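Each chain, written out:
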Amino acid sequence: MSIVAPKLDMLPKSDFIIGKSLNGGGIRDYDHLYPADASLTRKVPVAGKEEVDAAVRAARAALPGWRNTPPNEKRKLMLRFAQLIRENGERLKRVVNAENGGIYHQLDWFVEWDADLFEYNAGYADKICGEVVPIWPQQAFDYTIDEPFGVIGILVPWNGPVISFGQMIAPAMAGGNTCIIKPTEFAPFSCLFLGELALEAGIPEGVINVIPGNVEAGEAMTKHPGIDKLHFTGSGNTARKILAGAAENLTPVGLELGGKSARLVFPDCDWEQAVQTVVMTAVANAGQACIAGSRALVHESIYDRFVADCQAMANNIPIGDPNSTSTVMGPIAHRLQYDRIMSMLDHARSEGADFLSGGESCGGDLESGYFIKPTLINDPEAKLEISREEVFGPVVSLMPFKDEDDGVAKANDTVFGLAAYIESTNIKTVHRVAAKLDAGNVLVNGAGGLPTAAPFGGHKQSGVGRVGGIWGIREFLRTKNVHIAM
Ligand code: NAD
């Protein structure tokens, strides 16, 4: 199968959006390679301290104007932006495909979700209000005002920057903040394109600034006194460095981190659906999803049969060109991540891993791209490192559990707490187990989506704070109290 090159004329024109669309600059150029065949997509200028300083100046300059824009005007502008996202949906899908090898015919929901994030949060722009606080014993009038933090610095990873953009910027804007988003040089294009659309929608210059970059820009943002709140999506190790950097100015930080989420499969599950969700965990976005249920805990009474059905399905997944309608699974987003996953697989092999499927890259026509086969590992006692560490790739470990208590104990036996999954048709089991799982999100019976109106975030080492719904808006507001003696 030959790989169809992405349509490069669809890519955004900008290298940075700092107030306005800019070309050139940065501390160096990065050769962005299309992950399906490692061909050069385009050279990407990488932001350094200079771009961070300029973006902070632009965001601070825009802040009074945006903060004081009447809430109904904010709402209208955000709705216009959402409409433009929909109208440019085909192009946005091409851009996402080019930046990280996303499968073109599977990307409609990205467009829908992003537009929906701006529509949903636009609805809050004119509904943010404070409260009156009852006072005693003396006469006084006491009330609260929910105010924007100011300039929000947003650091996002490469697996779905198009969604991170809406998840953070939409509620931050609705709350009256201005934003600087830093995607990585591995996947810079969707954020730049959305930034261009925002300007076209009439959102004032400086409200949304986009500066693709890596560690240098990330560190500069983390320590910048002109940034009032940071929101970081990424790995726990980087989060530790961000917290240390943010300590300099005591900048508050929201964290959306990784996971090693468990899926508990009970004997009364919807069998086909449960098999499919376990295998699709390794397949969808090539497993590069923070909420992936990458530990499948299966009741011992059905373990052997369930494992066999998963194995059969995983070995027959069509892998290949992200622009072909017959493709179900695409490549890993970039070379560094591909190498990281391959070295984890090699290590698992050295530990004696029992691979039910995959465990290796795809050869043949796909050899030049970053393709790894969907990998299921039979690891009954969870002995392998790969069954405990986040892979962020197409790998699911399977292990049996004895009864409900054993299943819950094994599911919670991790430093992470992002998501947990239950496959059972017994409503009592579902509610009882959901209450016992130590995770920010419990998804039941094949549920995989994150509704715009619901809170999303992690327990334990999977994060601090929530995105989504009113909980997401509150992340970008701070409460002032006014107390008036009467
Ligand atoms: P990463 O931690 O390497 O990088 C994330 C961001 O931080 C990038 O923008 C990167 O350039 C920047 N960065 C890196 N080092 C930095 C430093 N020292 N100072 C400041 N910024 C720095 O993560 P990644 O490899 O890009 O993404 C994978 C991770 O992201 C996984 O752990 C995954 O679970 C997590 N993730 C979480 C969510 C969520 O919503 N919880 C969503 C997607 C991905």
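Preceding block: the structure.
Model, not experiment: these values are computed from the prediction.

Peer 1: Which residues make up the sheet that holds strand β18 (residues 419-423), and what values go with them?
Peer 2: The sheet built from 7 strands is open, its strands ordered β14-β15-β16-β13-β12-β18-β19 with mixed pairing. The sheet is open, and its two borders are formed by β14 (354-357) and β19 (441-444), each paired with just one other strand. Here the strands of the sheet are splayed against their neighbours by 25° on average, with no regard to which way each runs. Bridging between β14 and strand β15 (residues 375-378) involves 3 bridges; their strand directions are antiparallel. Residue pairing in the sheet places Phe355 in a bridge with Ile377 of β15. Seen against the sheet, helix α13 (residues 427-436) touches β12 (262-265), β18 and β19 and runs at an angle of roughly 160° to β18.

Peer 1: Now, about the pairing of strand β7 (residues 151-155): what can you tell me, with residues and values included?
Peer 2: Within β7, 5 of the 5 residues are buried, which leaves it mostly tucked inside the rest of the structure. Alternating positions in β7 separate into two faces, Val151, Gly153 and Leu155 on one and Ile152 and Ile154 on the other, with burial throughout. Crossover β7 to strand β8 (residues 178-182) through helix α5 (residues 161-174) is right-handed. Sheet analysis places β7 next to strand β10 (residues 229-233), joined by 4 bridges and oriented parallel. The residue bridging Ile154 from the neighbouring strand is His231, located in β10.

Peer 1: Break down empty space enclosed by the protein for me, citing the residues and quoting the values.
Peer 2: If you walk through the whole model with that rule in mind, you get 4 cavities of 30 Å³ or more. Empty space within the largest cavity amounts to approximately 80 Å³. If you trace the largest cavity, you find 16 residues lining it, with Ala411, Thr414, Phe416, Ala419 and Asp438 closest to the centre. The set of elements that each furnish at least two residues to the lining of the largest cavity consists of α12 (404-412), β17 (416-417) and β18. Of the residues that constitute the lining of the largest cavity, the class distribution is 8 nonpolar, 4 polar and 4 charged.

Peer 1: Break down the environment of Glu205 for me, citing the residues and quoting the values.
Peer 2: Mapping Glu205 onto the fold places it in the loop between α6 (189-200) and β9 (208-210). Since its relative accessible area comes to 47%, Glu205 is described here as partly exposed. Sequence-distant contacts of Glu205, defined by excluding residues within four places in its chain, comprise Gly19, Lys20, Ala62 and Leu199.

Peer 1: Describe in detail the site of the ligand, supporting the description with residues and values.
Peer 2: For the ligand, the set of nearby residues contains 27 residues, the closest of which are Val156, Ser235, Thr238, Leu257 and Glu390. Between the ligand and Lys182, the relevant distance is 2.9 Å, taken from an oxygen atom to a side-chain nitrogen or oxygen of the residue. At 2.7 Å from an oxygen atom of the ligand is found a side-chain nitrogen or oxygen belonging to Ser235. Relative to its unbound accessible surface of 850 Å², the ligand loses 89% to contact with the protein. Secondary structure elements with two or more residues in the shell around the ligand: α7 (215-222), β10 and α8 (236-246). Looking at the shell around the ligand element by element, the count peaks at 4 residues for α7. Taken together, the residues that form the shell around the ligand break down as 11 nonpolar, 11 polar and 5 charged. The residue makeup of the shell around the ligand includes at least three contributed by each of domain 1 (8-257 + 462-485) and domain 2 (262-452).

Parameters at a glance
- Residues numbered from 1 in each chain as written.
- Predicted model: local features only at pLDDT ≥ 70, side-chain atom pairs only at ≥ 80, totals over all residues.
- Heavy atoms only, no water.
- Pairing = 2+ DSSP bridges.
- Helix = DSSP H or I, 4+ residues; strand = E, 2+ residues; numbered from the N terminus.
- Axes fitted to C-alpha atoms, helices over the stretch in contact; angles between N-to-C directions.
- Contact = heavy atoms within 4.5 Å.
- Buried < 20%, exposed > 50% of the residue type's maximum accessible area, 1.4 Å probe, protein only.
- Right-handed = clockwise from strand over helix to strand, strands pointing away.
- 1 Å grid on protein atoms, 1.4 Å probe; cavity = no way out; pocket = protein on both sides within 12 Å on 5 of 7 lines; lining within 4 Å.
- Points joined across faces, edges and corners; volume = space filled by probe spheres on them.
- Nonpolar A, V, L, I, M, F, W, Y, C, P; charged D, E, K, R; others polar.
- Near = heavy atom within 4 Å.
- Polar contact = N/O pair within 3.5 Å; in protein donor to acceptor, adjacent residues only side chain to side chain.
- Areas by Shrake-Rupley, 256 points an atom, 1.4 Å probe, with all protein chains shown as cover.
- Domains from an automatic or database assignment.

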